[in-house]
Amino acid sequence: MDSREIINTYATSILEYFFIASFFYIICYKIFGRVLKESKIQKKNLNSSDIRREIINSLLSTFVMTVTIVTVINTDLVKYTQWYTDINQYSWWWIPGAFIMGLIIHDTYFYWLHRLLHIKHIFKYAHLTHHKSTNPTPYASYSFHFLEAIGEAFIVPIIIVLLPFHPISLLLFLVSSLFINAYGHLGYEIAPKWLRGSFLFTIITTSTYHNLHHSKFKGNYGLYFRFWDKMLGTEYPNYENVYDEIQNRRFPD
């Protein structure tokens with residue numbers, strides 16, 4: 001395996017992380033902080049040392065995830081997957097189709113990995129690092145212990161074993177995952193007013209949804225969707241009331 005491939009991929013991943021996390025942070029915390037005052041989920045002040053910790057952990061986790069993914073794709077291990085680089089090998093619609101299916105698979109994988117990480121004796125060794133961000137910022141998106149980072153990284157090998165996956169599909173998957181993750185850790189609820197009355201609200205998670213997981217330390221284990229939490233009774237019972245309270249502050253009659 002070429003070390004230059006790891007370095008280049010890591011550098012790209014770091015740029016993506018800083019661009020997306022900083023975009024959310026600068027917009028919500030710096031430029032429009034006063035305007036979005038009522039959108040803040042928790043009223044606690046941020047601690048700059050927490051942000052530094054989130055960034056340092058995310059840099060380390062990104063390296064672990066990069067090595068894991070590059071090792072599978074750029075070694076003989078790839079022959080055990082359905083990874084392909086010839087864009088004409090499958091119909092063009094399969095690229096977005098594989099990406100969407102990858103998100104569904106990831107949500108299921110993440111839910112069960114997340115439940116595993118919350119087992120008492122595992123939590124303190126592998127997941128506590130992430131939960132030190134009780135009032136998270138977008139920089140907490142990849143703030144993992146290295147053991148959790150390995151677990152998180154394995155979703156890519158799993159997906160490319162299960163599905164034919166092109167590099168474009170992988171790029172869409174990784175960028176979308178990071179974008180949604182940053183929103184989930186944003187600390188502000190910026191969802192549009194119409195979402196609450198839409199069927200989408202019953203399906204997808206919000207920043208409030210994941211923020212409750214960080215402040216309550218249990219429940220709301222899903223990443224993109226509410227399906228598993230609803231089916232297995234792990235959704236925080238007061239979630240919709242908390243969401244409505246924030247929305248009522250944001251959009252007073």
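You'll find the structure just up there.
Criteria and thresholds
- Residues numbered from 1 in each chain as written.
- Predicted model: local features only at pLDDT ≥ 70, side-chain atom pairs only at ≥ 80, totals over all residues.
- Heavy atoms only, no water.
- Salt bridge = Lys/Arg side-chain N within 4 Å of Asp/Glu carboxyl O.
- Helix = DSSP H or I, 4+ residues; strand = E, 2+ residues; numbered from the N terminus.
- Buried < 20%, exposed > 50% of the residue type's maximum accessible area, 1.4 Å probe, protein only.
- Contact = heavy atoms within 4.5 Å.
- Core = buried A, V, L, I, M, F, W, Y, C linked by side-chain atoms within 4.5 Å.
- Patch = residues over 30% accessible without salt bridge, like charges linked within 9 Å, V, L, I, M, F, W, Y side chains within 5 Å.
- Areas by Shrake-Rupley, 256 points an atom, 1.4 Å probe, with all protein chains shown as cover.

(A) Up close: the pattern of salt bridges. One pass over the structure, following the stated rule, counts seven salt bridges. For Arg-226, the salt bridge goes to Glu-240, with nearest N and O atoms at 3.0 Å. Of this pair, Arg-226 sits in the loop between helix H8 (207-216) and helix H9 (227-232) while Glu-240 sits in helix H10 (residues 239-250), and the two are 14 residues apart along the sequence. Overall, Arg-226 belongs to the buried group, its relative accessible area being 0%. Since its relative accessible area comes to 29%, Glu-240 is described here as partly exposed. Look at the salt bridges and you will find they share partners, linking Arg-196, Arg-226, Glu-235, Glu-240 and Asp-244 into a network.

(B) Quick peek at the side chain of Thr-205. Of note, Thr-205 is situated in the loop between helix H7 (167-184) and H8. Sequence-distant contacts of Thr-205, that is, excluding residues within four places in its chain, are made with Tyr-183, Gly-222, Leu-223, Tyr-224, Phe-225 and Arg-226.

(C) Focus on the nonpolar core. Core analysis: the biggest nonpolar cluster contains 32 residues, and Tyr-17, Tyr-139 and Leu-186 have the highest contact counts within it. Elements supplying a minimum of two residues to this core: helix H1 (3-31), helix H2 (48-73), helix H5 (146-153), H7, H8 and H10. At seven residues, H1 tops the list of elements feeding residues into this core. Excluding anything up to four places from it in sequence, Tyr-17 contacts Ser-22, Glu-54, Ile-55, Ser-58, Tyr-139, Tyr-142 and Leu-178. If you look at the next biggest cluster of nonpolar residues, it comprises 22 residues, including Ile-69, Trp-94, Leu-163 and Phe-225.

(D) The arrangement of a nonpolar patch on the surface in detail. A cluster of nonpolar side chains, namely Ile-26, Ile-31, Phe-32 and Val-35, defines an oily patch on the protein surface of about 400 Å² accessible area. One can find Ile-31 in helix H1.

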